[in-house]
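Residue-level structure breakdown
Here are the chains, one letter per residue:
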Amino acid sequence: MQLIQRPVKLYRLQWGRAREHYPDHYEKESMEESAIRNEIKLFLRYLQVEKGCSVHTVSAYQRDIEQFFSFIDQAKSVKDLDSRLIRSYCYYLTKYKKNSTSARKLSALRSFFRFLLREAKIENDPLEKIAMPKQGKYIPVFLTVDEVFSLLQAPSEEDTYSIRDRAVLEILYSTGMRVAELSGLNMDRMELG
């Protein structure tokens, strides 16, 4: 038997309908859980208003923090969090996620707990002694000398833009600048001589 995964949007839509059809059941949500949600809302408002973060950044922080609290469902409030719970979440991240994803999620949590510490909602930072995962260092891919010479000879003489294309390739090769830097270059900022 094959299991079919349901899209997240459909699940959220059905969750909302369930709240509409059974309001008494969902109003009995614990005070602690709503307190955690209020802390998250305050943090997100802080990011948007005081820090000036974009909507996408705020939604990424919200997603990462909510995923953490859904993973750690035994915490009744932010004061109940300790390094043991954080370490279990870190173990989960390192086992199932890439290091870059784990670092982003832990960075969001670190910012959240620093906010709570500054607002005096918690007494100590549970992420204080947790190290960030090591990021892999990638060596950039570069062209060999033969590949560069074949690339410089690629614009044909019959093309009307061949002189321009060759000049662009020559500038990129000789200066080492990026394509974005070259496209933003103005003639008045160049010293030819």
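Residues numbered from 1 in each chain as written. Predicted model: local features only at pLDDT ≥ 70, side-chain atom pairs only at ≥ 80, totals over all residues. Heavy atoms only, no water.

Considerations on the overall build of the chain
Spelled out, the test is: Each helix is a run of H or I in the DSSP string that is no shorter than four residues. Each strand is a run of E no shorter than two, and both are numbered from the N terminus. Here, residues are in contact when the closest pair of their heavy atoms is within 4.5 Å. In these tables, accessible area is a Shrake-Rupley quantity obtained with a 1.4 Å probe, and a residue counts as shielded only by the protein chains included in the view.
When you go through the chain residue by residue, the secondary structure sums to 9 helices and 0 strands. If you list the helices and strands of the chain from N to C, you get α-α-α-α-α-α-α-α-α. Restricting to contacts in the chain with at least 6 residues of sequence separation, those with at least 24 account for 48%. With the model as given, the accessible surface of the chain reaches about 15,600 Å², and the carbon-plus-sulfur share is 53%.

Section: the side chain of Ser102
Along the polypeptide, Ser102 turns up in helix 6 (residues 99-118). The contact partners of Ser102, leaving out residues within four places of it in the chain, are Leu93, Thr94, Lys97 and Pro133.

Some points on the packing of helix 4 (residues 55-71) against helix 5 (residues 83-96)
What counts is decided by this rule: To define axes, lines are fitted to C-alpha atoms, for helices over the stretch in contact only, and angles between the resulting N-to-C directions are given on a 0 to 180 degree scale. Should an angle fall under 35 degrees it is taken as roughly parallel, and over 145 as roughly antiparallel, whereas 65 to 115 is taken as roughly perpendicular and any remaining angle as oblique. The hand of a helix crossing depends on one turn: near helix anticlockwise from the far one by less than a right angle means left-handed, and clockwise means right-handed. Three categories are distinguished: nonpolar for Ala, Val, Leu, Ile, Met, Phe, Trp, Tyr, Cys and Pro, charged for Asp, Glu, Lys and Arg, and polar for the others, with Gly belonging to the last.
Helix 5 packs onto helix 4 with a crossing angle of 110° between their chain directions and a minimal axis gap of 10 Å. As far as their axial angle goes, helix 5 and helix 4 are roughly perpendicular. When you trace helix 4 past helix 5, the crossing you get is right-handed. On the side of helix 4, the interface is formed by Asp64, Gln67, Phe68 and Phe71, while helix 5 contributes Ile86, Ser88, Tyr89 and Tyr92. Residues that form the contact of helix 4 with helix 5 fall into these classes: 5 nonpolar, 2 polar and 1 charged.

Notes on the packing of aromatic side chains
The test is simple: Pairing of aromatic rings covers Phe, Tyr and Trp, the last counted by its six-membered ring, and requires centre-to-centre distances within 6.5 Å; plane angles under 30 degrees mean stacked, over 60 mean edge-to-face, and any other angle means tilted.
In the structure shown here, the tally under the stated rule is 14 aromatic pairs. Three or more aromatic residues link up through ring pairs in this structure, and these residues are Phe43, Tyr46, Tyr61, Phe68, Phe69, Phe71, Tyr89, Tyr92, Tyr96, Phe112, Phe113 and Phe115.

Quick word on the pattern of salt bridges
What counts is decided by this rule: Each salt bridge in this description consists of a side-chain nitrogen of Lys or Arg and a carboxyl oxygen of Asp or Glu lying within 4 Å of one another. Type-normalised accessible area, obtained with a 1.4 Å probe on protein chains alone, sets the label of each residue: buried when under 20%, exposed when over 50%, and partly exposed for intermediate values.
Applying the stated criterion across every chain yields a total of 4 salt bridges. Across the pair Glu39 and Lys121 runs a salt bridge whose closest N-O atoms are separated by 3.9 Å. Linking Glu39 in helix 3 (residues 31-49) with Lys121 in the loop between helix 6 and helix 7 (145-152), this pair joins segments that are 82 residues apart in sequence. By relative accessible area, which is 12% here, Glu39 ends up buried.

Focus: the nonpolar core
Spelled out, the test is: Residue types Ala, Val, Leu, Ile, Met, Phe, Trp, Tyr and Cys, when buried and joined through side-chain atoms within 4.5 Å, form a set referred to as a nonpolar core.
Among the nonpolar cores identified, the biggest contains 29 residues, and Phe43, Phe68, Phe69, Leu109, Phe112 and Phe113 are the most heavily contacted of them. Broken down by secondary-structure element, the contributors of at least two residues to this core are helix 3, helix 4, helix 5 and helix 6. Tallying contributions element by element places helix 6 first for this core, with 7 residues. Once you skip the residues sitting within four places of it in the chain, Phe112 turns out to touch Glu39, Ile40, Phe43, Ile65, Phe69 and Val78.

A closer look at the side chain of Asp64
By the element assignment, Asp64 lies in helix 4. Setting aside residues no more than four positions away along its own chain, Asp64 makes contact with Tyr89, Arg104, Lys105 and Ala108.

Structural notes on helix 6
To keep things clear, this is the line we draw: A helix is expected to span 1.5 Å multiplied by its residue count minus one.
Look at helix 6: 28 Å from first C-alpha to last across 20 residues, which is about the 28 Å you get at 1.5 Å a residue. Ser102, Ala103, Lys105, Leu106, Ala108, Leu109, Arg110, Phe112, Phe113, Phe115 and Leu116 are the residues of helix 6 that are buried. The positive-phi residue at the C-terminal boundary of helix 6 is Ala120, with phi of around 60°.

Remarks on the confidence of the model for the chain
Heads up, the condition is: pLDDT expresses how confident the predictor is about each individual residue, on a scale running from 0 to 100.
Residues at a pLDDT of 70 or more form 81% of the chain, whose mean pLDDT is 77. At the low end of the mean pLDDT range in the chain sits helix 1 (residues 8-21), at 42; at the high end sits helix 4, at 91. A low-confidence stretch, residues 1-32 stays under pLDDT 50, and its non-local contacts, those more than four residues away or across chains, total 10 contacts.

Brief notes about the environment of Gly136
With respect to the helices and strands, the residue Gly136 is situated in the loop between helix 6 and helix 7. Residues Gly136 and Ser100, spaced 36 residues apart in sequence, show a C-alpha to C-alpha distance of 8.4 Å.

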